[in-house]
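Commentary on secondary and tertiary structure
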Amino acid sequence: CDWSSDVCSSDLFAIIAFPPAAKASTIFTDNFSSSSLSSAWSWVNPSGTSSYTISNGSFNLTSAKGNDQWINIDKAPKLLKTQPADPWTIETRILSNNGNADTHGGLVVFKDAQNWIGWGQLGNNTLEASGIINNTFTGQFGTMTTKYNYLRIRRVGNTYYFDASANGVNWTNANVYTDTNNNLAGARLGFFAKNWNSGTFAPSYTMKFDYYKEDNTDLMPMVLSDVVTTSQIAKETGS
């Protein structure tokens, strides 16, 4: 444009960025409205001292004292189901959790006692993502100082994403974990609740889960990771 002579002729284009089109499909959901577990689930109670109930549309997982999940310790109760092909997203809402500082529970990706990762609430009102891989502690690779009740784990390839939300709509990612050596191949998905309280009068605790939902896509893709298109929206022909 030559603004001094009021002569201008140019084509204007807009770069329009679209997030990848979500082609999500909920492939499994459980609102725990039945008095018994769906056949898709397996109840895993290694110590034999933990328990569960289903009431008022919630799955209530009670972890007895000493039911820890750690290096060479496999005692935490778990509710597990077969994992679909990746990518996937699993999600839940914790209705209540009366655990203390020596408890941790939520969502889990569990292959065996030597290989698992979990994302959930600690008794000290924070969130933690951590686990045991090749019988070695991963360290805390994801933490949040707010004890959100909505939790997600997403998988794309060998990378796992850990998200939390206050309302189930707006999600924040805590961090990611990449299973470099594919130690979690064939893992199952679901809930866990570990309890490392000990002593004669050590308490059990209960986590109540509202629902479990499984989708066959990554529900929180990065913007601009897939499609960027351009289209002409105007053509200026004069001043």
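Description of the structure in this document. (Residues numbered from 1 in each chain as written. Predicted model: local features only at pLDDT ≥ 70, side-chain atom pairs only at ≥ 80, totals over all residues. Heavy atoms only, no water.)

A separate point is the pattern of salt bridges. A full pass over the atoms with the stated rule returns eight salt bridges. The closest approach of N and O atoms between Arg-154 and Asp-163, which form a salt bridge, is 2.5 Å. The exposure class of Arg-154 is buried, given its relative accessible area of 2%. Taken together, the shared-partner salt bridges in this structure form one network comprising Arg-154, Asp-163 and Asp-218. (Salt bridge = Lys/Arg side-chain N within 4 Å of Asp/Glu carboxyl O. Buried < 20%, exposed > 50% of the residue type's maximum accessible area, 1.4 Å probe, protein only.)

Moving on, we get to the environment of Trp-116. By the secondary structure assignment, Trp-116 is in strand 11 (residues 115–122). Trp-116 sits in the buried class, given a relative accessible area of 1%. Along the backbone, Trp-116 and Gln-69 are 47 residues apart, and their C-alpha atoms lie at a distance of 9.6 Å. The contact partners of Trp-116, leaving out residues within four places of it in the chain, are Gln-69, Val-108, Val-109, Phe-110, Ser-130, Gly-131, Ile-132, Ile-133, Leu-184, Phe-192 and Lys-194. (Helix = DSSP H or I, 4+ residues; strand = E, 2+ residues; numbered from the N terminus. Contact = heavy atoms within 4.5 Å.)

Attention shifts here to the side chain of Asp-218. As for its position among the elements, Asp-218 is in the loop between strand 19 (205–215) and strand 20 (227–236). Overall, Asp-218 belongs to the buried group, its relative accessible area being 16%. Polar side-chain contacts of Asp-218 include one of 2.6 Å to the side chain of Arg-154. Only 3.1 Å separates the side chain of Asp-218 from the backbone nitrogen of Met-220, close enough to count as a polar contact. Residues in contact with Asp-218, not counting those within four places in the same chain, are Pro-87, Thr-89, Arg-154 and Val-156. (Polar contact = N/O pair within 3.5 Å; in protein donor to acceptor, adjacent residues only side chain to side chain.)

Bringing the pairing of strand 18 (residues 188–195) into the picture now. For strand 18, the tally of buried residues reaches seven of eight residues, placing the bulk of the element in the interior. Here strand 10 (residues 103–112) runs beside strand 18; their pairing, made up of eight bridges, is antiparallel. Looking at the pairing, Gly-105 lines up with Ala-193 of strand 18. (Pairing = 2+ DSSP bridges.)

The next thing to look at is the nonpolar core. Counting 34 residues, the largest nonpolar core has Val-109, Ile-117, Trp-119, Ile-153, Phe-162, Phe-191 and Tyr-212 as its most contacted members. Ranked by residues supplied to this core, first place goes to strand 19 with four residues. Setting aside anything within four residues of it in sequence, one finds Val-109 in contact with Trp-88, Asn-115, Trp-116, Ile-117, Ile-153, Tyr-160, Leu-184, Ala-187, Arg-188 and Leu-189. In this structure, Val-44, Trp-116, Ile-132 and Phe-192 belong to the second largest nonpolar core, which totals seven residues. (Core = buried A, V, L, I, M, F, W, Y, C linked by side-chain atoms within 4.5 Å.)

Because side chains alternate across strand 8 (residues 78–81), one face comprises the buried residues Lys-78 and Leu-80, and the other comprises Leu-79 and Lys-81, equally buried. With three bridges joining them, strand 3 (residues 42–44) and strand 8 adopt antiparallel strand pairing. For Ser-42, the partnering residue across the bridge sits in strand 8 and is Leu-80. Pairing analysis gives four bridges linking strand 8 to strand 18, with the strands arranged antiparallel. What sits directly across from Leu-80, in strand 18, is Gly-190.

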